[in-house]
Amino acid sequence: MSKVPPALSRLSDAVADVKRTYVEGGAPVPCTHPAVTVLWMTFDALLQHGLKPRSGFFSSGPSHYWTFILTQRSGAVRDGIKFVERTKKARSVVGKAHAFFMFSLHEKLLGSSANLLAMASTISEWYVPESVLRAHVHGLLDILYELNEVEADFCGPNFDYDAPVHVPMADISVRRLSAGSAGPAAASASPHRRSSAAATAAAAATAA
């Protein structure tokens, strides 16, 4: 049996925090809430986990899962791509992935989108067998479908998906995200760039 990446457990914690925030607040969770930020960082790291480097005449080296998402234009994934293509506040691949995540969270499509990506006929061309999307997809989907119980606010038209992520030092979820990677110092670093935060979480996901 393949070992469950620590980041999958952190995703479960992040989802539980968002659900708790929704229940205790009695209102849709704002897209700027720290619990949502931690959820995004963890989701971002998991989809980047096990992604194969791309090679070819025009491109080589590390790839980003947004390129893979663009090859899957059906169902919930198609809806998310259409939203990203309409927004002017997502310019980088990380920003576009962030916009896709926020739209899918608001529309309760994260589980459905992840399922479509995992079932793609080309999944083996993009991800190694040990990746979360291939080796741990059932656990991933079980966790993401829990978010269908959550109402999340839609980000306004001026929300910048490319902006650095600011995570409060005292947020307990950040400590969970950083556990096993860089320790308490990582939890207190603010602001975080999504790319570096995702890299840290992805490294922890592959550890042990």
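Per chain, residue numbering runs from 1 following the sequence as it is written. In view of the model being predicted, local features appear only for residues whose pLDDT reaches at least 70, and side-chain atom pairs are presented and counted only at 80 or more, with totals across whole chains, interfaces and linings using the full set of residues. The side-chain figures draw on all heavy atoms in the structure; neither hydrogens nor water molecules are used.

Asker: Could you give me a rundown of the overall build of the protein, with the residues and numbers involved?
Answerer: Across its full length, the protein carries twelve helices and two strands. Order of helices (α) and strands (β) in the protein, N terminus to C terminus: α-α-β-β-α-α-α-α-α-α-α-α-α-α. Across the 208 residues that make up the protein, the buried fraction comes to 46%. For the protein, contacts bridging at least 24 residues in sequence account for 73% of all contacts bridging at least 6. Secondary structure elements follow DSSP: runs of H or I of four or more residues count as helices, runs of E of two or more count as strands, with numbering from the N terminus. Only protein chains enter the accessibility calculation, which uses a 1.4 Å probe; a residue is then buried when its area is under 20% of its type maximum, exposed when over 50%, and partly exposed in between. Contact between two residues is taken to exist if any of their heavy atoms lie within 4.5 Å; hydrogens are not considered.

Asker: Any chance you could break down the packing of aromatic side chains for me, citing the residues and the numbers?
Answerer: Here a pair means two rings of Phe, Tyr or Trp (six-membered ring of Trp) with centres within 6.5 Å. Their orientation is stacked below 30 degrees between planes, edge-to-face above 60, and tilted elsewhere. Evaluation of the coordinates by the stated rule reveals nine aromatic pairs. Here the aromatic cluster, defined as three or more aromatic residues joined through ring pairs, consists of F83, F103, F154, F159 and Y161.

Asker: Outline the packing of helix 6 (residues 110-118) against helix 9 (residues 137-145), listing residues and values.
Answerer: Note on geometry: axes are lines fitted to C-alpha atoms, helical ones only across the stretch in contact, with angles between N-to-C directions running from 0 to 180 degrees. Running from N to C, helix 6 and helix 9 point in directions that differ by 160°, and their axes come no closer than 8 Å. Our classification of the angle between helix 6 and helix 9 gives roughly antiparallel. As helix 6 runs across helix 9, the sense of the crossing is left-handed. Contacts from L110, G111, S112, A114, N115 and A118 in helix 6 reach V137, L141, L144 and Y145 in helix 9. Of the residues that constitute the contact of helix 6 with helix 9, the class distribution is seven nonpolar, three polar and no charged. Small angles under 35 degrees read as roughly parallel and large ones over 145 as roughly antiparallel, with 65 to 115 read as roughly perpendicular and the rest as oblique. A crossing counts as left-handed when the near helix is turned anticlockwise from the far one by less than a right angle, and as right-handed when that turn is clockwise. Residue classes follow a fixed rule: Ala, Val, Leu, Ile, Met, Phe, Trp, Tyr, Cys and Pro count as nonpolar, while Asp, Glu, Lys and Arg count as charged, and any other residue, Gly among them, counts as polar.

Asker: Would you mind going over helix 9 in detail, with residue names and values included?
Answerer: Residues of helix 9 that are buried include every one of V137, L140, L141, I143 and L144, and no others. Each buried residue of helix 9 lies within a common arc of 165° when the element is viewed along its axis, so the set occupies one face. Looking at helix 9, the residues exposed on the side facing more than 90 degrees away from the buried face are H138 and D142. Where helix 9 is buried, its residues touch helix 1 (6-25), helix 2 (34-48), helix 6 and helix 8 (132-135). The arc in question is formed by the directions pointing from the helix axis toward the C-beta atoms.

Asker: Now, about the environment of D153: what can you tell me, with residues and values included?
Answerer: Considering the arrangement of structural elements, one finds D153 in the loop between helix 9 and helix 10 (172-178). In this structure, the C-alpha to C-alpha distance between D153 and M102, residues 51 residues apart in sequence, is 9.0 Å.

Asker: Break down the environment of T122 for me, with residues and values.
Answerer: Here T122 is to be found in the loop between helix 6 and helix 7 (123-126). Distance in space between the C-alpha atoms of T122 and Q72 is 9.4 Å, their sequence separation being 50 residues. The residues contacting T122, other than those within four sequence positions of it, are F68 and Q72. Only 3.4 Å separates the side chain of T122 from the side chain of Q72, close enough to count as a polar contact. Pairs of N or O atoms are called polar contacts if they sit within 3.5 Å, as long as, within protein, a hydrogen donor faces a hydrogen acceptor (for residues adjacent in sequence, only side-chain-to-side-chain pairs).

Asker: An account of unusual backbone geometry is requested, with residue identities and associated values reported.
Answerer: Although it is not a glycine, K108 sits at a positive phi angle of roughly 60°. Positionally, K108 belongs in the loop between helix 5 (93-106) and helix 6.

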